[in-house]
Structure formats: C-alpha cells, structure tokens
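Examination of the molecular architecture
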Amino acid sequence: MRVSPDHLLAATVVASVAREYGKLEALVDLSQMTVSQMTATSTEKSHQQRLHWLAEQVFDWSGLPVVHIRPTAFLDTLLFTTMAARSIQENGTIALPFGTGRTSPVAVDDVARVVATVLRAPAPHIGKVYELTGPRSVDMTELAEEFSRALGRPVSYVDVPLDRWEAQLPKLGMPPHLEQHVATMAQLHRDNRYDRTADGVERVTGIPAQTIEAFVAARRDFYLG
C-alpha cells in the first residue's frame with residue numbers, strides 16, 4: 001500500500017478478513033525499519049511511521065501467520081530519484097538536507113525478491129522480522145561518488161538548509177500526509193537515524209542487495225535526461 005493516512009484502517013480490515021477466512025498460510029506485512037526504533041510511547045514526527053508501528057501490533061494481536069518485512073529508505077523514493085535527477089541535470093549535484101547523516105537505502109526490486117521468496121515457501125519465515133538495507137551505509141558525499149561512477153560524470157553533494165528544502169516540497173504536488181512523511185525522512189537522515197545495515201536481503205534470497213552504483217547505472221538515461 002502506498003503512503004496513506006488510511007494505512008492502519010487498511011491493515012485492520014486485512015487482519016479481520018484474514019481471520020474470518022481462517023486458512024491463510026502467511027500474511028506478509030510490508031512495514032518500515034524505523035518501527036524497530038519505536039515503542040508504545042514514541043510517537044515520532046512521521047504519522048506514516050507511527051501507523052506502520054500500530055499496524056504491526058494489530059497483525060501480531062490477530063494471531064495470524066505474519067511475517068514483517070522492514071525495509072529502510074527506498075532507493076526508488078523521490079529523494080534519490082526525481083529530486084536527484086533534477087539537480088544532477090541542472091548542475092551536477094545532489095541537493096538534499098541530510099547534513100553529515102549516513103544512509104543505506106534499499107532497492108524496491110530487492111524488497112520484492114524478499115517478499116516473493118517468503119511467499120513461495122512461507123512456513124520457515126512465520127513469526128520472523130526481516131530488516132532490509134543496502135549493502136553498506138554511506139554519507140552523502142560517498143553516495144554522490146557512487147552516482148558519479150554510475151553516470152560517468154562528476155556528481156557532488158550540496159547540503160541544503162532543511163527549512164529552505166521543506167519550503168520547496170509543496171511545489172511537487174504531494175498530498176499533505178506524504179509531504180509530511182518525506183519531510184520527516186529528511187530530518188531523520190540529518191539526525192543520522194538511517195545509519196544502519198542489515199543482511200536481510202541476502203539472508204532470505206541468497207543474493208546481496210544491489211549497490212547504489214548498480215541501481216543508478218541501470219537508470220542512467222533517467223538521471224542524465
């Protein structure tokens with residue numbers, strides 16, 4: 001499900017229908033890795049992340065055969081795709097408000113491989129939580145270097161003041177709930193909350209998560225315009 005203020009409602013409906021059906025082999029919940037840092041009393045700034053935490057509680061209480069998949073930030077998010085492509089084409093930079101924070105984004109394709117692997121033979125995975133990241137955590141200068149190698153042209157990182165960057169978000173036409181979530185992701189990156197690595201992708205699928213360089217190289221035309 002896309003980022004939505006109805007996430008918890010949808011999760012509750014799914015759990016209710018699955019319980020009534022009564023013959024489910026597995027329910028794979030696509031959650032978020034930020035949930036691993038949350039408790040019953042931590043509200044965080046992102047409403048979406050809070051909804052993911054509550055949805056996990058609902059699925060756990062349901063007694064259903066649940067597997068939680070917790071990816072970190074997606075490489076496919078507009079932070080690393082649309083926004084990055086725009087500034088790379090304009091002036092050869094990646095302009096984000098992440099400061100010195102580190103990140104280990106994971107490709108959606110790798111998350112999909114994990115989910116598909118679990119669904120093909122769910123029994124050994126029931127009750128497990130899989131945290132998914134890219135192969136290493138990098139600061140934004142290192143991330144820009146991976147873009148440079150992938151694109152065959154210099155790309156540098158420019159740290160943008162957070163308030164100035166957030167002021168530009170309404171121009172992207174995002175719904176308010178999504179805009180608030182993206183802004184919170186930027187703040188959490190700046191606070192170094194995305195400096196984490198996990199081997200979930202390779203542990204489940206037997207194949208390592210793809211690097212930032214490989215992800216960008218496969219989309220060279222998109223980034224160069």
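Check the entry above for the structure.
My aim in this report is to walk through the structure given alongside it, one point at a time. (Residues numbered from 1 in each chain as written. Predicted model: local features only at pLDDT ≥ 70, side-chain atom pairs only at ≥ 80, totals over all residues. Heavy atoms only, no water.)

**With respect to the overall build of the protein chain**
Check the secondary structure of the protein chain and you find ten helices and seven strands. Its C-alpha atoms give the protein chain a radius of gyration of 18 Å, within 12% of the compact-globule value 17 Å for 225 residues. For the protein chain, the spread of C-alpha atoms along the three principal axes comes to 55 × 35 × 25 Å. Looking at the protein chain residue by residue over its 225 residues, the buried ones come to 49%. Contacts spanning at least 24 positions in sequence make up 80% of the contacts within the protein chain whose residues lie at least 6 apart. Separation between the mean location of the 22 positive side-chain charges and that of the 26 negative ones in the protein chain comes to 1 Å. (Helix = DSSP H or I, 4+ residues; strand = E, 2+ residues; numbered from the N terminus. Rg over C-alpha atoms; globule rule 2.2 N^0.38 Å. Buried < 20%, exposed > 50% of the residue type's maximum accessible area, 1.4 Å probe, protein only. Contact = heavy atoms within 4.5 Å. Lys, Arg positive; Asp, Glu negative; His and termini not counted. Charge placed at Lys NZ, Arg CZ, Asp CG, Glu CD.)

**Section: the packing of helix α2 (residues 47–62) against helix α7 (residues 176–190)**
At their nearest, the axes of α2 and α7 sit 8 Å apart, and the two run at 95 degrees to each other. Between α2 and α7, the angle is such that the two are roughly perpendicular. Contacts from His47, Gln48, Gln49 and Leu51 of α2 reach α7 at His177, Gln180, His181, Thr184, Met185 and Leu188. Counted by class, the contact of α2 with α7 contains three nonpolar, seven polar and no charged residues. (Axes fitted to C-alpha atoms, helices over the stretch in contact; angles between N-to-C directions. Parallel < 35°, antiparallel > 145°, perpendicular 65-115°, else oblique. Nonpolar A, V, L, I, M, F, W, Y, C, P; charged D, E, K, R; others polar.)

**A few points about α7**
Under the 1.5 Å per step criterion, the end-to-end length of α7 is 21 Å for 15 residues, consistent within 8% with the ideal 21 Å. Looking only at α7, the buried set comprises His177, His181, Val182, Ala183, Thr184, Met185, Ala186, Gln187, Leu188 and His189. Of the surrounding secondary structure, the elements contacted by the buried residues of α7 are α2, β4 (102–103) and α6 (162–168). Phi for Asn192, located one or two positions after α7, is positive at around 65 degrees. (Expected span 1.5 Å × (residues − 1).)

**Considering the packing of helix α1 (residues 7–21) against α2**
In contact at an axis separation of 8 Å, α1 and α2 are set at 15 degrees when each is read in the N-to-C sense. Here α1 lies roughly parallel to α2, going by the angle between them. In the crossing of α1 with α2, the sense of the turn from one axis to the other is right-handed. Contact residues: α1 offers His7, Leu8, Ala11, Thr12, Val14, Ala15 and Arg19, while α2 offers Gln48, Leu51, His52, Leu54, Ala55, Val58, Phe59 and Ser62. Looking at the contact of α1 with α2, its residues break down into nine nonpolar, five polar and one charged. (Left-handed = near helix turned anticlockwise from the far one by under 90°.)

**Some words on unusual backbone geometry**
Unlike most non-glycine residues, Asn192 shows phi in positive territory, near 65 degrees. With respect to the helices and strands, Asn192 occurs in the loop between α7 and α8 (200–205).

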